[in-house]
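Coordinate analysis (summary)
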Amino acid sequence: MYALVDCNNFFVSCERTLDPTLENKPVVVLSNNDGCVVSRSKEAKDLGIPMAAPAFKYKELFRKHDVKSFSAKFELYNFKSQRVIEISTAYVDKADFEVYSIDELFLNLTSFKYINIYDYCVKIKNEIKDKENLPVSIGIAPTKTLCKVANRIVKDFPDKFHGVYSLDTPEKIEKALKWLDIGDVWGIGRRLAAKMHDSRVYKAWDLLQKPEMWVRKIMGIHGVRMINELKGIRQLELDSPSPKKSIAVTRSFMEMLTKKEDVRERVETFGMYCSERLRKQNTCCKMITVFVQTNRFRKDLPEYRNAVTKVLSNPTNSSILIGRVVNELFESIFKEGFHYKKAGVIVNDFVPEDQRLISLFEEDAQNQHLPVMKAMDAMNKKYGKDKVRLGSMSGENTFGRAQLSPEYEAFLKNNTLTEANFRFH
DNA sequence: TCTGGGGTCCTAGGACCC
DNA sequence: TCTGGGGTCCTAGGACCC
């Protein structure tokens with residue numbers, strides 16, 4: 001069996017650990033620029049606040065029901081995530097788990113033949129609650145997809161299951177799949193859900209009644225795997241952490257930018273963050289993409305969006321070299337006369353730092369830059385983000401964040417938050 | 001006035017090769 | 001007028017996840 005440990009309303013629950021008076025009250029956490037709702041307490045969900053709701057549309061509702069809202073504090077969430085991982089993984093053999101996202105991890109319980117797995121998971125749940133004051137739900141099942149189903153059941157019937165549920169018999173599985181809407185199956189998104197409804201597939205169970213060829217046609221190889229997983233036949237293994245295949249730094253701006261130099265400063269900064277993250281995993285990139293966009297919601301303003309990608313002749317992770325390319329790409333797509341709302345830099349096609357193949361004809365400054373770059377990284381790690389930076393960066397954010405609470409300031413003080421503490425998915 | 005950010009995988013089609 | 005067969009690699013776009 002596998003178990004899926006999933007934190008309930010994770011960001012909101014983290015906020016509650018700093019301020020216990022938020023318990024039992026409607027609470028939401030907002031994205032950058034305080035734009036969208038990204039986490040909701042149960043009370044907030046009950047008020048009808050949907051996921052990803054634009055905050056400004058719900059201001060009135062927030063006021064009326066005294067909904068507490070917070071700007072996202074990712075240092076805090078990453079820190080708490082790490083604690084949950086440490087506690088949970090102490091219950092399984094070394095490396096017998098998969099950190100799936102900031103608030104979810106799978107545990108492999110296959111080797112535990114002579115213990116009561118349900119009781120074991122209750123223990124895990126209680127320890128996380130006792131030590132970190134974070135509520136979690138644990139779904140137990142023979143496959144990852146069914147673990148998701150079990151987890152869903154825990155969350156939807158809180159009075160019945162108290163945080164842990166095990167899909168451990170064919171009868172339970174059948175009952176669950178006849179209950180679960182097809183759109184709530186892991187791997188079925190909005191588009192596929194609509195297609196399913198067109199074909200009169202409404203419940204997860206209905207999908208199992210369809211011929212495999214049909215599923216193969218509509219969903220590709222994913223669909224076949226999904227069907228087996230739902231039947232309890234394992235198709236997805238637990239993955240060990242792997243280096244990233246792409247790195248993206250993209251931001252919406254608090255206010256729309258019209259000056260070319262302002263947008264340029266932003267994309268150059270994003271390029272530098274990409275470079276830093278490349279160096280952190282000791283890889284170089286071979287491709288760089290830059291994009292710029294106007295505000296797609298402002299129908300009264302002319303719209304423009306464009307992206308351009310360059311393949312490098314020599315892989316690099318030097319901030320200077322990447323900055324140069326970013327600048328060149330930016331020049332090729334920037335157009336005067338628009339109100340820019342969002343931009344980003346994406347790097348991909350990675351090779352390890354020490355396995356670069358160098359073009360015979362292009363000059364390669366990567367190795368000259370690397371020692372300087374690593375020294376820069378070391379200083380920034382010691383003295384703080386962006387303390388040492390390229391001249392092209394202003395070092396300021398153009399997205400806003402609410403004032404930090406005294407509790408949070410205290411948290412930051414008491415916990416040395418080096419990136420090394422975190423494991424990003 | 002105000003609408004997030006960061007990932008992965010799969011597939012179809014085109015370019016190119018022999 | 002007629003125009004093979006079998007590959008590989010790359011890319012853009014679509015779908016999904018949190």
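Rules of the game
Residues numbered from 1 in each chain as written. Chains lettered and ligands numbered in written order. Predicted model: local features only at pLDDT ≥ 70, side-chain atom pairs only at ≥ 80, totals over all residues. Heavy atoms only, no water. Salt bridge = Lys/Arg side-chain N within 4 Å of Asp/Glu carboxyl O. Buried < 20%, exposed > 50% of the residue type's maximum accessible area, 1.4 Å probe, protein only. 1 Å grid on protein atoms, 1.4 Å probe; cavity = no way out; pocket = protein on both sides within 12 Å on 5 of 7 lines; lining within 4 Å. Points joined across faces, edges and corners; volume = space filled by probe spheres on them. Helix = DSSP H or I, 4+ residues; strand = E, 2+ residues; numbered from the N terminus. Nonpolar A, V, L, I, M, F, W, Y, C, P; charged D, E, K, R; others polar. Disulfide = S-S within 2.5 Å. UniProt positions renumbered as here; feature names shortened; annotations may be inferred. Near = heavy atom within 4 Å. Polar contact = N/O pair within 3.5 Å; in protein donor to acceptor, adjacent residues only side chain to side chain. Pairing = 2+ DSSP bridges. Axes fitted to C-alpha atoms, helices over the stretch in contact; angles between N-to-C directions. Contact = heavy atoms within 4.5 Å.

**Description of the pattern of salt bridges**
Side-chain pairing between opposite charges can occur once the charged atoms of the two side chains come close. Scanning the model with the defined rule gives 28 salt bridges in all. The closest approach of N and O atoms between aspartate 168 and lysine 172, which form a salt bridge, is 3.0 Å. When its relative accessible area of 43% is taken as the criterion, aspartate 168 is described as partly exposed. A single network of salt bridges, built from pairs that share partners, joins Lys80, Arg83, Glu86 and Glu132.

**Remarks on empty space enclosed by the protein**
Taken as a whole and judged by the stated rule, the model has one cavity of 30 Å³ or more. Roughly 40 Å³ of volume is contained in the largest cavity. Only β1 (2-7), α4 (74-89), β5 (97-101) and β6 (104-108) provide two or more residues apiece to the lining of the largest cavity. Of all the elements, α4 adds the most residues to the lining of the largest cavity, at three residues. Classifying every residue of the lining of the largest cavity by side-chain character gives seven nonpolar, two polar and two charged.

**Examining the state of the cysteines**
For the coordinates displayed, the defined rule picks out zero disulfides. Lacking any disulfide linkage, cysteine 7 is separated from the closest cysteine sulfur, that of cysteine 14, by 7.3 Å. For cysteine 7, a relative accessible area of 5% corresponds to the buried category. In this structure cysteine 36 is not part of a disulfide, and its nearest cysteine sulfur, from cysteine 14, lies 20 Å away. Residue classification places cysteine 36 among the partly exposed residues on the basis of a relative accessible area of 30%.

**Comments concerning the UniProt feature "domain: UmuC" (unreviewed entry) in chain A**
Within this numbering scheme, the UniProt entry marks residues 2-189 as carrying the feature "domain: UmuC" (unreviewed entry). Between the end C-alpha atoms of residues 2-189 there is a gap of 23 Å, over a span that is 42% helix and 20% strand.

**A short note on the protein's contact with DNA strand B**
Close to DNA strand B lie 26 residues; Ala248, Thr250, Arg251, Arg277 and Lys341 are nearest. Restricting the count to atoms of DNA strand B within 4 Å of the protein gives a sugar and phosphate share of 76%. The side chain of arginine 216 places a nitrogen or oxygen atom 3.2 Å from a phosphate oxygen of DNA strand B. One of the side-chain nitrogen or oxygen atoms of arginine 251 is found 2.7 Å away from a phosphate oxygen of DNA strand B. Among the elements of the structure, α12 (221-231), β9 (246-257) and β12 (340-352) are those that each provide at least two residues to the surface near DNA strand B. For the surface near DNA strand B, the element with the most residues is β9, which contributes seven residues. Split by residue class, the surface near DNA strand B holds eight nonpolar, eight polar and 10 charged.

**Comments concerning unusual backbone geometry**
Non-glycine residue aspartate 34 carries a positive phi angle of around 50°. Note that aspartate 34 resides in the loop between β2 (27-30) and β3 (37-40). Even without a glycine there, the phi angle at alanine 95 is positive, about 70°. Looking at where alanine 95 falls in the secondary structure, it is placed in the loop between α4 and β5.

**A short note on the protein's contact with DNA strand C**
Surrounding DNA strand C, one finds 13 residues, the nearest of these being Glu104, Lys148, Gly187, Gly189 and Leu192. The sugar and phosphate moieties of DNA strand C supply 100% of its atoms located within 4 Å of the protein. The backbone of isoleucine 188 places a nitrogen or oxygen atom 3.4 Å from a phosphate oxygen of DNA strand C. In this structure, leucine 192 approaches DNA strand C through a main-chain N or O atom, which is 2.8 Å from a phosphate oxygen. When contributions to the surface near DNA strand C are tallied by element, the ones reaching two or more residues are β5 and α9 (190-198). For the surface near DNA strand C, the element with the highest residue contribution is α9, accounting for three residues. Here the surface near DNA strand C is built from residues that sort into five nonpolar, three polar and five charged.

**Here we look at the sheet that holds β9**
Each strand in a sheet pairs with another by means of backbone hydrogen bonds, the pair being arranged parallel or else antiparallel. Spatially, four strands are ordered β9-β12-β10-β11 in an open sheet, and the strand pairing comes out antiparallel. Two strands close off the open sheet at either side, each with one partner strand: β9 and β11 (305-316). This sheet shows a mean twist of 15° between the axes of neighbouring strands, independent of strand direction. The pairing of strand β10 (residues 283-294) with β12 spans 11 bridges and is antiparallel. Residue pairing across strands places valine 292 opposite alanine 343, the latter belonging to β12. On the sheet, helix α13 (residues 260-280) packs against β9, β10, β11 and β12 and is oriented at approximately 155° with respect to β9.

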